[in-house]
Amino acid sequence: MTLASALLLGVYDVAKKKALANNDIYYILLVATGLTTLFLCPFLKLGPGIAYAKLTLKAVLVTTSWVAGMYALKLLPITTVSTLKASRPMFVVLFSILLFGERLNWIQWAGVVVVLLALYLLSRSSNKEGIKLTSSKGFWCMLLSILAGVASALYDKYIIKDMEPLFVQSWGNLFITLILAAIVLFKSLKAGENRPHFTWDWLLLLIAVFITAADALYFFALKQPDAMLSVVSLIRRSSVLVTFVLGAILFKEKNLRSKSLVMLVLCCGIVLLMYGSM
């Protein structure tokens, strides 16, 4: 189930990149998330008021991550975005140190060093494409997306203790939809006649199906009696490999040999991080 979730997540990112050719970032996210909310509406059950307050904060974090990630997809090659996204487990470890006072063993430190080396190699590789990562808006958008996504994942560990996964998923998507609808309305009123026009694209339906199924499979995998969170998370993060390969094929991007080497080095670092956590 986790492998299927990773495959769907990888295709989901590629579909978002393709959809950017026809529609504005906010239209894509609003329609796809709205459709996902419709799929999950049978699970919209009433709960305590504090639960909705907690899920509102989660919705803000997720919306920030998704919007920033879409800007990164628009501004950077998808192979570069997928490589950057693969570094996310390192940020989870670093956040755990800052927030929970955790200490790393030597294997985890080795993993951090390898990931940082991979990011350095990626910056050198991007220079060959005329992209200077540290001065690229796309890079900073991707960094914001990663940090907001990590914060959301850590926050999930806190709120999931008192709520059912499908309760979190259904209400969380509803609140994200409402936030995105408010943003789209504000931008439309501000832009007036110059606002971007929406064009229906069947990719939007596919995006909604992919993310709904991927998250559902992930939750079902976690509910298995013998499921280990570290292993499930590592397999799910392998979605970046699917995105990298499909992106390279569909978008015919350049400099793939050096990026493939960077991805290999980065994956070795992530494996060290996860192995040191087991």
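Anything mentioned here points back to the structure above.
These notes cover the structure that comes with them. (Residues numbered from 1 in each chain as written. Predicted model: local features only at pLDDT ≥ 70, side-chain atom pairs only at ≥ 80, totals over all residues. Heavy atoms only, no water.)

A closer look at the overall build of the protein
Each helix and strand in the protein was counted, giving twelve helices and zero strands. Along the protein, helices and strands appear, N-terminal first, in the series α-α-α-α-α-α-α-α-α-α-α-α. Classification of the 278 residues of the protein by burial places 49% in the buried group. Intrachain contacts of the protein at a sequence separation of at least 6 include 89% that bridge at least 24 residues. (Helix = DSSP H or I, 4+ residues; strand = E, 2+ residues; numbered from the N terminus. Buried < 20%, exposed > 50% of the residue type's maximum accessible area, 1.4 Å probe, protein only. Contact = heavy atoms within 4.5 Å.)

Here's the deal with the pattern of salt bridges
By the definition in use, this model includes two salt bridges. The shortest N-O distance in the salt bridge between Asp-13 and Lys-16 comes to 3.4 Å. Taken together, the positions of Asp-13 and Lys-16, both in helix H1 (residues 2–19) and three residues apart, correspond to about one turn of that helix. For the pair formed by Asp-13 and Lys-16, the shared burial category is buried. As a salt-bridge pair, Lys-85 and Asp-13 come within 2.9 Å of each other at their nearest N and O atoms. On the criterion of sequence distance, the pair formed by Lys-85 in helix H4 (residues 78–85) and Asp-13 in helix H1 is long-range, its members being 72 residues apart. One continuous salt-bridge network, built from bridges that share partners, spans Asp-13, Lys-16 and Lys-85. (Salt bridge = Lys/Arg side-chain N within 4 Å of Asp/Glu carboxyl O.)

Observations regarding the environment of Lys-16
Of the residues examined, Lys-16 reaches a relative accessible area of 7% and is grouped as buried. Residues Lys-16 and Leu-29, spaced 13 residues apart in sequence, show a C-alpha to C-alpha distance of 8.9 Å. For Lys-16, the contacting residues outside a window of four places in its chain are Met-70, Leu-73 and Ile-207.

Quick word on the side chain of Thr-212
Mapped onto the fold, Thr-212 is located in helix H9 (residues 202–222). Taking relative accessible area as the criterion, Thr-212 reaches 13% and is therefore assigned buried. At 3.5 Å, the side chain of Thr-212 and the side chain of Thr-36 are in polar contact. Filtering out sequence-adjacent residues up to four positions away, Thr-212 remains in contact with Thr-36, Phe-39, Leu-40 and Gln-169. (Polar contact = N/O pair within 3.5 Å; in protein donor to acceptor, adjacent residues only side chain to side chain.)

Remarks on the packing of aromatic side chains
This model, assessed by the stated rule, comprises nine aromatic pairs. A centroid spacing of 6.4 Å and a plane angle of 50 degrees characterise the contact between Phe-167 and Trp-171, whose relative ring orientation is tilted. Of this pair, Phe-167 and Trp-171 both sit in helix H8 (residues 165–191), four residues apart, roughly one helical turn. We classify Phe-167 as buried; its relative accessible area is 12%. (Phe/Tyr/Trp six-rings, centres within 6.5 Å; stacked < 30°, edge-to-face > 60°.)

A short note on helix H11 (residues 239–251)
Compared with an ideal rise of 1.5 Å per residue, which puts 13 residues at 18 Å, H11 spans 18 Å between its outermost C-alpha atoms and is within 8% of the ideal. Those residues of H11 that fall on the buried side of the exposure criterion are Ser-239, Val-240, Thr-243, Phe-244, Gly-247 and Ala-248. One side of H11 holds all its buried residues, which, seen down the axis, span an arc of 165 degrees. Once H11 finishes, Lys-252 follows within two positions and takes phi at roughly 50 degrees, a positive value. (Expected span 1.5 Å × (residues − 1). Arc of directions from axis to C-beta.)

Quick notes on a nonpolar patch on the surface
Nonpolar side chains collect at one region of the surface, where Leu-38, Phe-39 and Val-209 lie side by side and expose about 260 Å² of accessible area between them. Mapped onto the elements of the fold, Val-209 is located in helix H9. (Patch = residues over 30% accessible without salt bridge, like charges linked within 9 Å, V, L, I, M, F, W, Y side chains within 5 Å. Areas by Shrake-Rupley, 256 points an atom, 1.4 Å probe, with all protein chains shown as cover.)

Some thoughts on the packing of helix H2 (residues 25–40) against H8
It is the contact of H2 with H8, at a shortest axis distance of 9 Å, that shows an interaxial angle of 150 degrees. By the angle class used here, H2 and H8 are roughly antiparallel. At the point where H2 passes H8, the crossing takes the left-handed sense. Residues Tyr-26, Tyr-27, Leu-29, Leu-30, Thr-33, Gly-34, Thr-36, Thr-37 and Leu-40 of H2 lie in contact with H8, whose contacting residues are Gln-169, Ser-170, Asn-173, Leu-174, Ile-176, Thr-177, Leu-180, Ala-181, Ile-183, Val-184, Lys-187 and Ser-188. (Axes fitted to C-alpha atoms, helices over the stretch in contact; angles between N-to-C directions. Parallel < 35°, antiparallel > 145°, perpendicular 65-115°, else oblique. Left-handed = near helix turned anticlockwise from the far one by under 90°.)

A look at the packing of H4 against H11
Relative to each other, H4 and H11 sit at 170 degrees, their axes nearing to 8 Å. The angle between H4 and H11 places the two elements in the roughly antiparallel class. Between H4 and H11, the residues in contact are Ile-78, Thr-79, Ser-82, Thr-83 and Lys-85 and Val-240, Thr-243, Phe-244, Gly-247, Ala-248 and Phe-251, respectively.

Remarks on the environment of Leu-144
Position of Leu-144 among the secondary structure elements: in helix H7 (residues 137–159). Along the sequence, Leu-144 and Thr-64 sit 80 residues apart, while their C-alpha atoms lie 7.9 Å from each other. Excluding its chain neighbours within four sequence positions, the residues that come into contact with Leu-144 are Thr-64 and Ala-68.

The values are spatial; any link to function lies outside them.
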